[in-house]
Structure formats: structure tokens, C-alpha cells
Amino acid sequence: MSGRMSPFIVLLCLVLLPAPAAASTAPQATPTPRIQLSAQEAGKGGTLTVTGSGWRPGTLLTLLICGQNMIGGTNACANGDGRAVTTGPDGSFRKDLPVAEPPKPCPCVVHAATVTGAPATADAPFTVAGHPVAPLPRAETGGRLSVLAPPRLEGSSGLLTWFGAPAQRRLVVTVGNVGATPARDPVFEVGTSHGVFAPQWEERQWQGTVPAGRKQRIELPVELPAGAHGDCLVSLKYGGKVLAEQPWGVGRPWGVTLFWILLCVVVPAAVFRIGMAVVDRVRPRPGAARTKGRPWGRTVPRAPRRAAAAGRHRGARAPAPRTAEPAPADGDAAAPLPWFTPDTAPSATTAPPTDPPTSKGSP
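Values in this document were obtained by computation on a predicted structure and should not be read as measured data.

Asks: Lay out the packing of aromatic side chains in plain terms, naming residues and giving numbers.
Replies: If you walk through the whole model with that rule in mind, you get two aromatic pairs. Ring geometry for Phe188 against Tyr238: centres 5.2 Å apart, planes inclined by 45°, an arrangement best described as tilted. Taken together, the residues Phe188 in strand E13 (residues 187–194) and Tyr238 in strand E17 (residues 230–238) connect sequence positions 50 residues apart. Residue Phe188 is classed as buried on the basis of its relative accessible area of 1%. In this structure Tyr238 comes out as buried when scored by relative accessible area, which is 14%. Positioned above the aromatic ring of Trp201 is the side chain of Lys237, whose terminal nitrogen or guanidinium carbon lies 4.1 Å from the ring centre.

Okay, here's the thing in C-alpha cells:
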């Protein structure tokens, strides 16, 4: 009889054993992170106690009071008055949070988010007493773009930039659409600034579509004003938010400086040359005689000067200027030679020199 009962016992064991196995393999439900507030409304300067459960054990969290239901991200939160807390072994925590007015109007929430590990968030409605209340902004239909990689400037300047032409580049940036709708033909704002001055914004429309949850490489033209140089900054804005900034060092247009130097040298030199030419043209020539009916500038031809006599002594007195003399009459002595003056010409009546007297006793 024991042999007949053995198959029955084996069958009974096979039926009963899978039940515990199936129960052990069933997936356990993951707890949902949540927070609870000690009060639903409090004024600025008060204290609010926040308790949480369902978080991962040993996780660092941040607690913030945000306006506009945190639609604009942490920019709508009172970041300076936030608190940090670490969850316990069971995933719960308890923390006092000071009540502060967020930069955006209410409706407000208390926002809890993980700092390390897998991202997890939880919000709880809260009212800041005395803080302004405004309707929520309409949902964006053009997608939400964010920068995924550092921007860069591509391109180079030509020769004309060295002479003051506007410097041009292409701003290349990789953006991702973190929204639920695609961004079609997004319109960006590109701003350029120099030093501490505010940027000058210009709209640049990119032709194309960035699907939801996808990334895209975008190129936008950038141009500086003519003659701009030094340390500049290129900024990219979309939807009222600055997405990226890229510094740009622009060299000085030395061609413009060289042009002004040459202009300051060449123009005065040309004016001086023209003035000297005019003066040389109108001034009278040396030795020019002005006669009736003869204009200034024309000179009377002069007789060539005769060379000095070859036998003139060095110490001889300089001849006096010639004076007009009447023509000699017939029978007179011969006229003096041309190179003698009347007062130095030899006289015809002068007696020839006599012999010197002899001394007494000479033969």
C-alpha cells in the first residue's frame, strides 16, 4: 500500500511547490518618492518642516521653495534659502526649511530633488503669505532647447578686416530638445558685446526642425561692427534664456592706422611741393630786367664775361667799373685795350724811363 501512495504523494508535492516559487519571483513595487509639509501656508521668515519617504537610502537631496510651479526650472526658486538633507536607511528624512519669497510669483511649490545618483523629484503645493500671485505662463509649443556641448566659433577673417571691415564668424553649437514637441525653425538671438558693455542682440532664424528628445548641430552667422577689436563676447539666447557664451579675441585693424599715418605724411608733403612750385613759378629770376611791354619772368640776355687777363697780378687793384667814353678822334693815341681801364691804361705822353743815375766814380 505504501507503494501505491508514493505516486500520489509525489503529485501532491509537485502541485504545492510552484506556488511559493511564483510568489518569490514576482517583482516588488518600487516606492514613489514623496514629501509632506507641516503647513500649507506660511509667511516670509517662518519655518516649514518637510518630511519625505520612498527615497533611495543615503541619497543627498535639496529642498527649495519655487514660484510658478517651477515651470522655468531652478531660476524660479529661492536658491539662497534652500536646504540639503540626506535620506536615512529606510529612504525617509525630516528637515526644517525657512520660508522665503521666490523670484517668481505664486502658485508656489516645495521642490525636492536628488543631487547624486539617478534623478528623482517630488513637489508639494505651498503658499507664501504676502507673495504676489499671477497666472501661469502658457506652455511652450516650440520645444525646449538646451546646449549639450560647448559652443565654438569657426571661420577666419579676410584681408579687408585688417583695414577695418566687419569681422565675421559662424557660431556652432549642439542643442537638444528636452520638450515634448518638436522645435520647427527656431528663432535665436545672437548678441555681441565688448568689455563691460551690454550685448547688442540680433535675431537669427535657423531653418530646420529639432525633434523632441533629439539633438541637432546649429550654425548661426555672427558679425561685429566695423573697426571693432579687443576682447568680445558672443552670447546665444533662446526663449528669453541665455544658452551659451563664447569669448572672441579680435585683433586691431592695423591697416587703418597705417592709412592715417600715410595720410598725415603724404598730404602735407604734397601741399608743400605744390606751394614751392607756385612760388618758383611766380618769383622773378636773378638779374632779370623789367622793360616796358616785357612781362616778369623773361630775362634780357647778357653779354658773356671776358676772362681776366692772364698776366694780372694777384695783388693788383680790382678794376673800376667801366664808364662810357667818347670815341677817340683821328690822330689821337690808340685806344686802350679792352682789358685796361682808363685810369690804369699806359699814357702815350709818359716819357720812357731813363737810366738810373750812376754813383760818383763809376765809369
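Asks: Can you lay out a nonpolar patch on the surface for me, pointing to particular residues and giving the numbers?
Replies: Together, Leu159, Trp162, Phe163, Trp254, Leu258, Ile261, Leu262, Val265 and Val266 line one region of the surface with nonpolar side chains, adding up to about 940 Å² of accessible area. Looking at where Leu262 falls in the secondary structure, it is placed in helix H3 (residues 254–282). A relative accessible area of 47% places Leu262 in the partly exposed class.

Asks: Tell me about the sheet that holds strand E14 (residues 200–205), and name the residues and values.
Replies: The strand order across the open sheet built from four strands is E14-E13-E17-E18, with neighbouring strands paired in antiparallel fashion. Of all strands in the sheet, those bounded by a partner on one side alone are E14 and strand E18 (241–250). On average, each strand axis in the sheet is tilted by 25° relative to the strand beside it, whichever way the strands run. Pairing of E13 with E14, which is carried by six bridges, proceeds in the antiparallel orientation.

Asks: Report on the state of the cysteines, specifying residues and quantitative values.
Replies: Enumeration over the complete set of coordinates arrives at two disulfides. Each sulfur of the disulfide joining Cys66 and Cys77 lies 1.9 Å from the other. Between Cys66 and Cys77, the disulfide has an S-S torsion of 95° and is therefore right-handed. Note that Cys66 is positioned in strand E4 (residues 60–66) and Cys77 in the loop between E4 and strand E5 (83–86), a separation of 11 residues in sequence. Side by side, Cys66 and Cys77 carry an identical accessibility label, which is buried. Between the sulfur atoms of Cys106 and its disulfide partner Cys108 the distance amounts to 2.0 Å. Between Cys106 and Cys108, the S-S torsion sits near -90°, and that sign places the bridge as left-handed. For the pair Cys106 and Cys108, one class covers both residues: buried. The cystine pairing of the protein, numbering bonded cysteines in sequence order, is 1-2, 3-4.

Rules of the game
- Residues numbered from 1 in each chain as written.
- Predicted model: local features only at pLDDT ≥ 70, side-chain atom pairs only at ≥ 80, totals over all residues.
- Heavy atoms only, no water.
- Phe/Tyr/Trp six-rings, centres within 6.5 Å; stacked < 30°, edge-to-face > 60°.
- Helix = DSSP H or I, 4+ residues; strand = E, 2+ residues; numbered from the N terminus.
- Buried < 20%, exposed > 50% of the residue type's maximum accessible area, 1.4 Å probe, protein only.
- Lys NZ or Arg CZ within 6 Å of the ring centre and 35° of its normal.
- Patch = residues over 30% accessible without salt bridge, like charges linked within 9 Å, V, L, I, M, F, W, Y side chains within 5 Å.
- Areas by Shrake-Rupley, 256 points an atom, 1.4 Å probe, with all protein chains shown as cover.
- Salt bridge = Lys/Arg side-chain N within 4 Å of Asp/Glu carboxyl O.
- Pairing = 2+ DSSP bridges.
- Axes fitted to C-alpha atoms, helices over the stretch in contact; angles between N-to-C directions.
- Disulfide = S-S within 2.5 Å.

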